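Structural characterization, general
If you want the building blocks of each chain, they are given just below.
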Amino acid sequence: MERKIFWASFAVLGLAADLFLPFWWAIGATIPIMIFSWWLAYRSNWF
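Keep in mind that this is a model prediction, so the values were computed, not measured.

Another point: helix α1 (residues 2-20). For α1, which comprises 19 residues, the first-to-last C-alpha distance of 27 Å matches the rise-based estimate of 27 Å (1.5 Å per residue) to within 8%. The complete set of buried residues in α1 reads Ile5, Phe6, Ser9 and Ala17. Taken end-on, α1 shows its buried residues confined to a sector of 100°, consistent with a single buried face. Projecting away from the buried face of α1 at angles above 90 degrees are the exposed residues Arg3, Lys4, Trp7, Val12, Leu15, Asp18 and Leu19.

Written as structure tokens, this is what we have:
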């Protein structure tokens, strides 16, 4: 279940970054999005 949450949040946030940020900002935002998605799926107690 955690993997699904990780990939879903990573995909949604990554697509939002691609749509709303300039290209290089979106590339730079990929690592923080990945870290946040990992934290959301594996470390937070939300799910």
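More follows now that the structure is in view.
Looking now at the packing of α1 against helix α2 (residues 23-43). Two numbers describe how α1 lies on α2: the axes approach to 9 Å, and their chain directions differ by 155°. With respect to α2, the element α1 is oriented roughly antiparallel. With respect to the hand of their crossing, α1 and α2 are arranged in right-handed fashion. Residues Glu2, Arg3, Ile5, Phe6, Ser9, Phe10, Leu13, Gly14, Ala17 and Asp18 of α1 pack against Ala26, Thr30, Ile33, Met34, Phe36, Ser37, Trp38, Leu40, Ala41 and Tyr42 of α2. When its residues are assigned to classes, the contact of α1 with α2 shows 13 nonpolar, four polar and three charged.

Rules behind the numbers
- Residues numbered from 1 in each chain as written.
- Predicted model: local features only at pLDDT ≥ 70, side-chain atom pairs only at ≥ 80, totals over all residues.
- Heavy atoms only, no water.
- Helix = DSSP H or I, 4+ residues; strand = E, 2+ residues; numbered from the N terminus.
- Expected span 1.5 Å × (residues − 1).
- Buried < 20%, exposed > 50% of the residue type's maximum accessible area, 1.4 Å probe, protein only.
- Arc of directions from axis to C-beta.
- Axes fitted to C-alpha atoms, helices over the stretch in contact; angles between N-to-C directions.
- Parallel < 35°, antiparallel > 145°, perpendicular 65-115°, else oblique.
- Left-handed = near helix turned anticlockwise from the far one by under 90°.
- Contact = heavy atoms within 4.5 Å.
- Nonpolar A, V, L, I, M, F, W, Y, C, P; charged D, E, K, R; others polar.

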